[in-house]
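Structural description and commentary
Here is what each chain is made of, one letter per residue.
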Amino acid sequence: MDPKWVYVKDFKKHIDQTVEFRGWVWNKRSSGKIAFLQLRDGTGFIQGIAEKKNFDDETFENIRKIKMESSIILQGTIKKDERSPENVELHITSFKKIQEPIEDYPISKKEHGIDFLMENRHLWIRSRRQFHILKIRNEILKAIRDFYNQNDFTLIDTPIFTGSIGESAGNTFKLDYFDYGEVYLAQTGQLYLEAAAMSFGKVYNLGPTFRSEKSKTRRHLIEFWMNEAEVAFYKHEDNIKLQENLVSFIMQRVLENASDDLKEIGRDTNKLQKIKPPFERMTYTQAIDFLKKKGFEIEWGEDFGADEESALASQFEKPLFVEKYPRKAKAFYMQPDETNPDVVLCDDLLAPEGYGEIIGGSERIWEESVLMDRLKEFNLPLDQYQWYIDLRKFGSVPHSGFGLGVERTVAWICGLEHIREAIPFARTLYRVYP
Ligand code: ATP
Ligand code: MG
Ligand code: MG
Ligand code: MG
């Protein structure tokens with residue numbers, strides 16, 4: 001009977017058994033009598049050992065000379081080995097090549113520039129560090145879904161093509177849409193989630209978002225994934241708690257299920273372990289005072305840039321909520337604060353260690369007359385917002401929600417310098433290839 005195909009992640013359950021391995025060679029070294037193949041199969045990394053005495057000369061030469069990134073099928077016996085990084089090794093008894101690279105593999109051990117690596121992203125995702133980062137991203141996305149499922153939210157997929165501009169006209173992608181004319185790629189699904197919250201109460205989405213961001217920063221992608229949530233009858237304080245709980249849940253899950261991946265990429269988990277509710281809080285006005293004292297040239301009314309966000313957040317080990325921004329600095333749909341109508345009941349959640357804004361949230365305007373005033377104040381085309389105004393006519397209630405940037409969260413948790421490594425195939429200002 002042929003040995004059973006077993007994934008590397010399950011090797012520990014098959015000690016001293018003979019199994020089949022299907023995967024790739026990502027590195028190798030050899031002496032005259034023994035060849036060490038560094039193998040990967042998508043679930044893990046393992047060392048394979050071939051001894052000359054177990055093969056005919058030709059086969060052993062084939063193993064010894066195997067090129068990096070060859071695809072292979074092996075059979076072998078799994079042996080315990082405390083010296084190997086995974087504590088198990090595969091002692092190879094049979095060797096079959098599927099394909100050997102027909103050109104030299106372009107990514108080697110030497111340092112490559114970032115442009116070269118991005119140009120070869122389709123291959124770069126095979127590299128160990130990139131593999132672990134994208135595994136952590138996967139864990140984060142799983143945690144997001146589980147959090148909402150455990151808390152009785154309904155998943156509402158919001159559309160990508162939208163007739164209204166969402167929240168600000170500045171950075172939308174415009175497209176031709178049959179006879180309809182111009183439509184836009186979604187910058188947010190929030191307005192649709194607000195509609196759904198009036199039917200389902202607690203709703204969320206998880207999908208791609210598009211912003212024609214002309215600025216080149218380490219924190220902006222053109223296409224990024226956002227998770228938005230919206231809850232009927234939630235006020236500002238409920239909204240803050242929901243965000244705290246979500247972020248803490250994600251962190252807990254990553255620490256539980258992906259601590260090996262974090263270790264592989266050298267992330268300090270002590271810092272991540274501290275991410276538990278309650279988070280830090282500060283009003284926008286307090287933040288401005290703090291920044292002025294630190295010598296920043298910023299006036300009340302202006303939004304923060306990356307430097308300001310870093311200065312504010314790096315005072316603390318936990319994430320920081322900056323709340324109650326000036327009405328004029330934020331989107332039209334935010335509920336004014338009763339005690340000071342110049343500010344709105346919103347929050348930006350800033351990650352520690354300078355990773356910037358990961359969430360933007362707010363209590364939404366629920367009264368029709370207030371919404372009409374704000375749409376006019378912001379000069380928005382009323383005809384496109386009719387359906388949104390409708391929501392304020394039929395059993396409207398106070399409600400709140402937020403949007404969490406998936407790649408910002410990945411970049412923070414993984415400790416990445418640049419957000420382009422936080423998504424499998426990044427779309428940036430100058431790159432849509434591969
Ligand atoms: P920023 O101030 O950093 O430009 P924003 O305030 O424009 O962000 P929001 O509209 O509040 O962003 O979007 C919600 C979340 O989506 C942000 O908190 C952030 O995590 C993420 N996000 C926004 N723009 C981008 C982008 N271009 N690339 C990646 N993530 C983004
Ligand atoms: Mg922005
Ligand atoms: Mg912002
Ligand atoms: Mg924001």
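Keep in mind it's a predicted model, so treat the numbers as computed, not measured.

A word on the site of ligand 1. Lining the immediate surroundings of ligand 1 are 16 residues, of which R211, H220, L221, E357 and I358 lie closest. R211 places a polar side-chain atom, nitrogen or oxygen, 2.8 Å from an oxygen atom of ligand 1. One of the backbone N or O atoms of G405 is found 3.3 Å from an oxygen atom in ligand 1. Contact with the protein chains hides 85% of the accessible area of ligand 1, taken as 580 Å² for the molecule alone. For the shell around ligand 1, the secondary structure elements donating two or more residues are β12 (223-232), β18 (356-364) and β19 (399-405). Of the residues assigned to the shell around ligand 1, the class counts are 6 nonpolar, 4 polar and 6 charged.

Taken domain by domain, the protein chain holds domain 1 (4-99) and domain 2 (121-422). One C-alpha centre belongs to domain 1, the other to domain 2; they are set 45 Å apart. At the interface, 6 residues of domain 1 touch 5 residues of domain 2. When the two sides are added together, the surface that domain 1 and domain 2 hide from each other amounts to roughly 540 Å², 60% of it contributed by carbon and sulfur.

Here the focus is the packing of aromatic side chains. If you walk through the whole model with that rule in mind, you get 20 aromatic pairs. For the ring pair Y177 and Y180, a centre distance of 6.3 Å and an interplane angle of 85 degrees mean the geometry is edge-to-face. Judged by relative accessible area, Y177 falls into the partly exposed class, the value being 30%. Accessibility expressed as a relative area gives 59% for Y180, which makes it exposed. With centroids separated by 6.1 Å and ring planes inclined at 75 degrees, the aromatic side chains of F332 and Y388 adopt a geometry described as edge-to-face. With F332 in the loop between β14 (320-323) and β15 (336-337) and Y388 in helix α12 (residues 386-390), this pair connects stretches of sequence that are 56 residues apart. On the basis of relative accessible area, F332 is assigned to the buried category, the value being 0%. Joined through ring pairs, the aromatic side chains of Y192, F332, Y333, Y385, W387 and Y388 make up one cluster. When the ring centre of F45 is taken as origin, the NZ or CZ atom of R128, which lies over that ring, is 3.9 Å away.

Further remarks concern the pairing of strand β2 (residues 18-30). Summarising the sheet, strand β1 (residues 4-5) and β2 pair through 2 bridges and their orientation is parallel. Within β2, the position partnered with K4 by the bridge is V19. Relative to strand β5 (residues 71-80), β2 runs antiparallel, the two being bridged by 7 bridges. Bridge pairing links T18 to T77 in β5. For β2 and strand β3 (residues 34-40), the ladder comprises 6 bridges, and the chain directions are antiparallel.

Here F11 shows up in the loop between β1 and β2. You can call F11 buried: its relative accessible area is 0%. With 69 residues separating them along the chain, F11 and K80 place their C-alpha atoms 9.8 Å apart. With near-sequence residues (within four places) excluded, F11 lies in contact with V6, V19, F21, I46, I78, V88 and L90.

It is worth spelling out the sheet that holds β14 at this point. The strand order across the open sheet built from 8 strands is β7-β11-β12-β19-β18-β17-β14-β13, with neighbouring strands paired in mixed fashion. On the outer flanks of this sheet lie β7 (154-155) and β13 (280-283), each paired with one strand and no other. With 6 bridges joining them, β18 and β19 adopt antiparallel strand pairing. Paired with E363 across the bridge in β19 is S400. The sheet strands contacting helix α6 (residues 236-257) are β12, β13, β14, β17 (346-351), β18 and β19, and the helix crosses β19 at an angle near 30 degrees.

Let us look at the confidence of the model for the protein chain. Of all residues in the protein chain, 99% have pLDDT values of 70 or greater, and the mean over the chain is 96. Predicted as a complex, the structure gets a pTM of 0.97 and an ipTM equal to 0.99.

Whether parallel or antiparallel, the strands of a sheet pair through hydrogen bonds between backbone atoms. Strand order in this open sheet of 3 strands is β8-β10-β9, and the pairing throughout is antiparallel. Of all the strands in the sheet, the pair left with one neighbour each is β8 (161-162) and β9 (174-177). With 4 bridges joining them, β9 and strand β10 (residues 181-185) adopt antiparallel strand pairing. Bridged to L175 within β10 is V183.

Computed from the structure, the second largest pocket encloses a volume of approximately 720 Å³. In terms of lining, the second largest pocket is formed by 28 residues, of which the most central are T43, G44, H132, D260 and D261. Partitioned by chemical class, the residues of the lining of the second largest pocket number 8 nonpolar, 8 polar and 12 charged. When residues are assigned to domains, the lining of the second largest pocket turns out to be shared by domain 1 (4-99) and domain 2 (121-422), each giving three or more.

Backbone torsion omega between P277 and P278 reads -5 degrees, so that peptide bond is classified as cis. Here P278 shows up in the loop between α8 (269-273) and β13. In this chain, Y433 is followed by P434 through a cis amide linkage whose omega measures -5 degrees. Residue placement: P434 occurs in the segment after α13 (406-414). Positive phi is not limited to glycine here, since E353 has a value of about 60 degrees. The backbone phi angle of N379 is positive, close to 60 degrees, even though this residue is not glycine.

Calculation criteria
- Residues numbered from 1 in each chain as written.
- Chains lettered and ligands numbered in written order.
- Predicted model: local features only at pLDDT ≥ 70, side-chain atom pairs only at ≥ 80, totals over all residues.
- Heavy atoms only, no water.
- Near = heavy atom within 4 Å.
- Polar contact = N/O pair within 3.5 Å; in protein donor to acceptor, adjacent residues only side chain to side chain.
- Areas by Shrake-Rupley, 256 points an atom, 1.4 Å probe, with all protein chains shown as cover.
- Helix = DSSP H or I, 4+ residues; strand = E, 2+ residues; numbered from the N terminus.
- Nonpolar A, V, L, I, M, F, W, Y, C, P; charged D, E, K, R; others polar.
- Domains from an automatic or database assignment.
- Contact = heavy atoms within 4.5 Å.
- Buried area = accessible area lost by both parts, 1.4 Å probe.
- Phe/Tyr/Trp six-rings, centres within 6.5 Å; stacked < 30°, edge-to-face > 60°.
- Buried < 20%, exposed > 50% of the residue type's maximum accessible area, 1.4 Å probe, protein only.
- Lys NZ or Arg CZ within 6 Å of the ring centre and 35° of its normal.
- Pairing = 2+ DSSP bridges.
- Axes fitted to C-alpha atoms, helices over the stretch in contact; angles between N-to-C directions.
- pLDDT = per-residue confidence, 0-100.
- 1 Å grid on protein atoms, 1.4 Å probe; cavity = no way out; pocket = protein on both sides within 12 Å on 5 of 7 lines; lining within 4 Å.
- Points joined across faces, edges and corners; volume = space filled by probe spheres on them.

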